[in-house]
Amino acid sequence: MSANPLLPSLSVVIPVYNEQDWIERSVGALLASASAASWPIEIVVVDDGSTDATPSRLDDLRERHGITVISQANGGRFEARSAGIAKSSGEWIALLDSRVIVDEHTLTFLRDQLVEHPERAVWNGHINVASEHNPYAGFMAGLVKVPWRKYCANPRLMSYGIEEFDVYPKGTTFFCARRGLLEGSVTAFASLFDDIRFASDDTRMLRWIAEHERIWLAPELSATYNGRDSFKKFTQQAYFRGTTYVDSYIASPGPARNALFGALAAGVLGLAFAAKKPKTTLAAGVLGAVAAGEVVKKCGATGPEARAVTKLLPVFAGGFGAGVLRGLAMAVRTKLRRR
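The protein chain is annotated in an unreviewed UniProt entry as Glycosyl transferase of Amycolatopsis balhimycina DSM 5908. What UniProt states about the protein chain under its Sequence similarities (unreviewed entry) heading is, verbatim, "Belongs to the glycosyltransferase 2 family."

Caption draft 1: The arrangement of the overall build of the protein chain in detail. Secondary structure summary: the protein chain contains twelve helices and eleven strands in total. Its C-alpha atoms give the protein chain principal-axis dimensions of about 70 × 45 × 40 Å. Per-residue burial over the protein chain gives 48% buried out of 339 residues. Surface summary for the protein chain: the accessible area is close to 15,800 Å², and the carbon and sulfur share equals 58%. Positive and negative side-chain charges in the protein chain, numbering 39 and 34 respectively, have mean positions lying 11 Å apart.

Caption draft 2: Representation of the UniProt feature "domain: Glycosyltransferase 2-like" (unreviewed entry) in the protein chain. The UniProt feature table records "domain: Glycosyltransferase 2-like" (unreviewed entry) at residues 11-125. The span residues 11-125 is 42% helix and 25% strand, and its two end C-alpha atoms sit 15 Å from each other.

Caption draft 3: Looking closely at the pairing of strand β1 (residues 10-16). Taken across its seven residues, β1 has seven buried, putting it largely inside the fold. Here β1 shows no split at all, with Leu10, Val12, Ile14 and Val16 on one side and Ser11, Val13 and Pro15 on the other all buried. Two strands pair when backbone bridges link them, and β1 and strand β4 (residues 92-96) are joined in this way by four bridges, in the parallel orientation. What sits directly across from valine 13, in β4, is leucine 95. Summarising the sheet, β1 and strand β2 (residues 42-48) pair through six bridges and their orientation is parallel. Each residue of the ladder has a partner; that of serine 11, found in β2, is glutamate 42. Note on the crossover from β1 through helix α1 (residues 23-36) to β2: the handedness is right-handed.

Caption draft 4: Geometry of helix α5 (residues 135-143). Counting buried residues along α5, seven of its nine residues qualify, which places the element largely inside the surrounding structure. Along α5, the residues that are buried comprise Tyr136, Ala137, Gly138, Phe139, Met140, Ala141 and Gly142. The N-terminus of α5 is capped by asparagine 134, whose side-chain oxygen sits 3.2 Å from the backbone nitrogen of tyrosine 136.

Caption draft 5: Local environment of the domain arrangement of the protein chain. Looking at the assigned domains, one finds that the protein chain contains domain 1 (10-230) and domain 2 (233-338). Every contact between the two is made by 33 residues of domain 1 and, on the other side, 37 residues of domain 2. The contact between domain 1 and domain 2 buries some 3,100 Å² in all, and 62% of this surface belongs to carbon and sulfur atoms. The tally of links from domain 1 across to domain 2 stands at four salt bridges. Salt-bridge contacts for arginine 338 lead to aspartate 194; the nearest nitrogen and oxygen are separated by 3.5 Å. Taken together, domain 1 and domain 2 are joined by 15 residue pairs in polar contact (both at pLDDT 80 or more). Counting residues per element, the side of domain 1 that touches domain 2 draws most heavily on α5, which supplies eight residues. Residues that form the side of domain 1 that touches domain 2 fall into these classes: 15 nonpolar, seven polar and eleven charged.

Caption draft 6: Inspection of the sheet that holds strand β7 (residues 126-129) at higher detail. Here we have three strands laid out as an open sheet, ordered β5-β11-β7, and mixed in their pairing. The sheet is open, and its two edges are formed by β5 (100-102) and β7, each paired on a single side. Going from strand to strand, the sheet's axes swing by 30 degrees on average, the running direction of each strand aside. With four bridges joining them, β7 and strand β11 (residues 222-225) adopt parallel strand pairing. By the bridge assignment for β11, histidine 126 is matched with serine 222.

Caption draft 7: Examining the environment of proline 169 more closely. Turning to its location among the elements, proline 169 is positioned in the loop between β8 (158-160) and β9 (174-178). With 45 residues separating them along the chain, proline 169 and asparagine 124 place their C-alpha atoms 7.7 Å apart. Setting aside anything within four residues of it in sequence, one finds proline 169 in contact with Asn124, Trp148, Tyr151, Cys152, Tyr160 and Leu217.

Caption draft 8: Fine view of unusual backbone geometry. Residues other than glycine seldom take positive phi values, yet asparagine 18 does so here, at roughly 50 degrees. If you trace the backbone, asparagine 18 turns up in the loop between β1 and α1.

Caption draft 9: Main features of the packing of α5 against helix α12 (residues 303-338). Between α5 and α12, whose axes approach to 8 Å, the crossing angle comes to 95 degrees. One finds that α5 runs roughly perpendicular with respect to α12. Contact residues: Pro135, Tyr136, Gly138, Phe139, Met140, Ala141, Gly142 and Leu143 in α5; Glu305, Ala308, Val309, Leu312, Leu313 and Phe316 in α12. Residues belonging to the contact of α5 with α12 are distributed by class as follows: eleven nonpolar, two polar and one charged.

Scoring rules and cut-offs
Residues numbered from 1 in each chain as written. Predicted model: local features only at pLDDT ≥ 70, side-chain atom pairs only at ≥ 80, totals over all residues. Heavy atoms only, no water. UniProt positions renumbered as here; feature names shortened; annotations may be inferred. Helix = DSSP H or I, 4+ residues; strand = E, 2+ residues; numbered from the N terminus. Buried < 20%, exposed > 50% of the residue type's maximum accessible area, 1.4 Å probe, protein only. Areas by Shrake-Rupley, 256 points an atom, 1.4 Å probe, with all protein chains shown as cover. Lys, Arg positive; Asp, Glu negative; His and termini not counted. Charge placed at Lys NZ, Arg CZ, Asp CG, Glu CD. Pairing = 2+ DSSP bridges. Right-handed = clockwise from strand over helix to strand, strands pointing away. Polar contact = N/O pair within 3.5 Å; in protein donor to acceptor, adjacent residues only side chain to side chain. Domains from an automatic or database assignment. Contact = heavy atoms within 4.5 Å. Buried area = accessible area lost by both parts, 1.4 Å probe. Salt bridge = Lys/Arg side-chain N within 4 Å of Asp/Glu carboxyl O. Nonpolar A, V, L, I, M, F, W, Y, C, P; charged D, E, K, R; others polar. Axes fitted to C-alpha atoms, helices over the stretch in contact; angles between N-to-C directions. Parallel < 35°, antiparallel > 145°, perpendicular 65-115°, else oblique.

So this is what it looks like as C-alpha cells:
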C-alpha cells in the first residue's frame, strides 16, 4: 500500500475460477500499470474453488509479488468478491475480473482523478473487448452497444445516476469505488434466487450504489476483456446471462425490464408463427439478424462485432430465452418458499 499520505490507498480484488491461462497476465498488467503510476497498491485474489492449475499460479504470484491470496470452496463471484473486500485494507477498492488486462496508463488516470476529484466516488471502467479474432466475445461486446449507445457511440468523461442506470455502461468487470459504498452494496444485496451462484451479483450492487452516488465513466480508464472463445462456452454464457438478467431487472421498472417483457412476447409470437410458416419465419430471422448487425454498428460497434451479432444472434436468442425461463421459474420457487 502507498506510504505517501497524498495518495489514496487502493486495494484491487480479483475473483478467479479456473483461469490458469489468464490470472498471471491480469495481475502482471495491473502491477505494470501501478508501477507506471508510481502507486503502490494492494492486490487480493480470491480463488473460488479452482480445479485447474490456478492455485499453483497464485502461489507463484504470491511469492514473487506479495499479493494476498484467499482460497475458498466454490460459491460464485459475489461470495468471492465479498471475501476479498473484507480482507482488503484500502480506502478505495477496485474490482477486476481475471480475464481483464488493464492498460498501462489506466491507473495513472485513476490516481489523478482520486487525488484531484475525491468527490467522484465511483468509477466504471471503459472496457474494450478483444473481439477481432473472437466472434463470441465480439457478439457480447456488440450487443451492449445498443442499450449503452449514449456513451459507446461517443465515449467521453461523464457520469450518470439511478435515473439513467439502464442506458449507460455498468459492470464489475473493472469498477472502483470508496470502500464504504462497496461495503454498503454488499450488505444491502438481496437476490430473487436462493442459490447465490445464479444471482445478478453486479447489477444489484451497482443499482444500490447509483442510488447514493453518480457513476463516472471515461475512455482513459481503460482495460481489455478477453471473452470466452468457443461455441460451447458461448451457449453456456447465453443461458447463464438469461437467468441473471431476470434477477437483475424483473423487479426494477425501466427500459431493461420493458425490453425483457417485449422479448418474451416476441418469442412466444415467433414460436407460434414458426409452427405455421417455418420458412417465412426462418427468412424473417435471417433478415432480423442482418438488421441487428447494422444497428449495433451505428451504435458504436466495430466491424467484427457487428458481423458477430449477425451470425450469432439466433443462437444467443435461444440460449438467453431458455435462461430467462429458468430464471423466472427459480424466482417463483424462491418466492413461494419464502412465504
